[in-house]
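# What the coordinates show
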Amino acid sequence: MHPVVDKSWPRLIQGGMGVAISNWRLARAVSLAGGLGVVSGTGIDTVLVRRLQDGDEDGHIRRALAESPWPVLARDITARYFRPGGRGAGEPYVRLPTWNAGVRSPRAALAMMGGFVECWLAKRGHAGRIGVNLLTKAPLPNLPVLYGAMSAGIDVVLMGAGIPREVPEALDRMADHQAAALRGEGVGGTRFDITFDPEWNGPAQAGPLQRPPFFPVIGAHSLALLMDRKTPGGVEGFVVETAQSGGHSAPPRGAKHLNPDGEPIYGPRDEVDWQVMRDLGKPFYIAGGYGSRRGLAEALARGAQGVQVGTLFAYCEESGMAPPLRERVLAAVRTGPVNVRTDPDASPTGFPFKVVGVEGTLSEPAIYAARPRRCDLGYLREAYTDSKGRLRFRCAAEPVQGYVAKGGRAEDTVGRKCLCNGLMATAGFAQRIQNGDVEPPILTSGDAIHETRNLMAPGHTAYTARDVVQYLLAGSGAGV
Ligand SMILES: Cc1cc2nc3c(=O)[nH]c(=O)nc-3n(C[C@H](O)[C@H](O)[C@H](O)COP(=O)(O)O)c2cc1C
């Protein structure tokens, strides 16, 4: 099955930002304003059940559940997780069963439903396009999330942080409600199959689903070439992300060198050959520091279809960032410089990850040191094979002793931060721990965080997704 590639791709993609920063409200608002709105599918099973436990105040989640093709599952999830009025004082969120590869699990059903709910809400009531973004580096939930998203009629799939070569074939198969598989890769040559079968959740839906086009998010033209030539099922376009992007970035090529602030140094080998991108003849977008009119003009001059922008949207009113954090950062941006550090150690994945220096977050050494290490969400765990040949998972941000007992090296745990809990907290879903403590947030943004200043009219302290779309496209001659 081949997806229909629409030649009229918009100039602007709102980047998928996990966890839940790119929520359905943001994606919908961007789509209504004329851009391509994208929801983040990362951690979406946890987000779904936490929203229900927080009381689902406006009823949107229960409305979407009721519209799903899996009514029994929807009722079961609602009965299990919905708390009218929210959780009691000090009550922690319910812990979900851990993920495992290639087995039918309640977690896969939640991920599928999470993908459906988020995309259904983003697409509701308008004809604009909506995409879903996932991380290749966190592969276990990806198939069920994609199937849920496709069941809601998603228009584009975007995936970065890795080489997602089996995804197009999986999309083909799942569009026909067939079982699909991805190849998981861990440390020390560990390989495993990640499978998902739509029939796990009941009889197949009637008729095939729309097979969405697939845009890998890549950091180098060589990867675009590889994906274009060697991907069964093919890719329909690309997002080329520079190292100025928020979130994870591809590490520099070649030997690791750090600047005096301990940030990785990128060099000429990391530069993208735009001629190679143009020669591929497929639409491509440029991301990372392109969130300005100048950036858009530059991208168009390079032959791009447009830009993918994250940071500007992360701080708009519809973003899923917890309002107090968003307001704190915007206030700081208005009055002075805000530090964004490319931290080579923060992410358990080992990929560089940008961390905003904000008071009260894991960027502060004292807050980082005071947080007892724990791993109870597990999205970024790495797979390894234990001494008995069994597939196991571990995280470099878990307690050091446990990580070492699982064959990890103590030195690989230094500076590692629990992004799963930190990013959940940033989106307002902080887990409560003993003694009234809550998980501290961690904030990521692109280097161009100060561009947010241009969005706030004099005397204003906030802006909307529509303001961002209009700011970027006005006067560019690009139209939407
Ligand atoms: C808060 C935040 C979270 C992000 N999370 C993800 C993610 O989960 N997956 C992804 O592919 N990109 C992620 N990104 C990158 C964006 O999708 C986008 O490509 C990037 O931010 C563009 O650069 P800009 O921030 O300079 O506009 C994130 C960016 C930000 C600011």
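The structure this text deals with has already been given above.
The paragraphs below set out a description of the structure included in this document. (Residues numbered from 1 in each chain as written. Predicted model: local features only at pLDDT ≥ 70, side-chain atom pairs only at ≥ 80, totals over all residues. Heavy atoms only, no water.)

### Let's talk about the overall build of the protein
Looking only at helices and strands, the protein features 16 helices and 14 strands. Taking the principal axes of its C-alpha atoms as reference, the protein extends roughly 55 × 55 × 50 Å. In the protein, which comprises 480 residues, the proportion classed as buried is 56%. Taking as baseline every contact in the protein between residues at least 6 positions apart, the subset at least 24 positions apart corresponds to 69%. (Helix = DSSP H or I, 4+ residues; strand = E, 2+ residues; numbered from the N terminus. Buried < 20%, exposed > 50% of the residue type's maximum accessible area, 1.4 Å probe, protein only. Contact = heavy atoms within 4.5 Å.)

### A look at the pattern of salt bridges
Note on pairing: side chains with opposite charge can pair once their charged atoms come close. For the structure shown, the criterion picks out 26 salt bridges. Taking the shortest distance from any N to any O, the salt bridge between Asp345 and Arg416 comes out at 3.9 Å. Here the residue Asp345 occupies a position in the loop between β11 (340-343) and β12 (353-356), and Arg416 occupies one in the loop between α14 (400-405) and α15 (419-426), the gap between them amounting to 71 residues. Judged by its relative accessible area of 30%, Asp345 is partly exposed. Residue classification places Arg416 among the buried positions, given a relative accessible area of 12%. A network of salt bridges, in which partner residues are shared, links Asp172, Arg211 and Glu236. (Salt bridge = Lys/Arg side-chain N within 4 Å of Asp/Glu carboxyl O.)

### Focus: the site of the ligand
The ligand sits among 20 residues. The nearest are Glu241, Gly289, Gln308, Gly310 and Thr311. Asn133 is positioned with one of its side-chain polar atoms (N or O) 3.0 Å from a nitrogen atom of the ligand. The contact in question runs from an oxygen atom of the ligand to an N or O atom on the side chain of Thr311, over 2.5 Å. Relative to its free-state accessible area of 600 Å², the ligand is covered by the protein chains to the extent of 94%. Looking at the shell around the ligand, the elements with two or more residues in it are β3 (130-135) and β10 (306-309). Of the residues contributing to the shell around the ligand, the split by class is four nonpolar, 15 polar and one charged. (Near = heavy atom within 4 Å. Polar contact = N/O pair within 3.5 Å; in protein donor to acceptor, adjacent residues only side chain to side chain. Areas by Shrake-Rupley, 256 points an atom, 1.4 Å probe, with all protein chains shown as cover. Nonpolar A, V, L, I, M, F, W, Y, C, P; charged D, E, K, R; others polar.)

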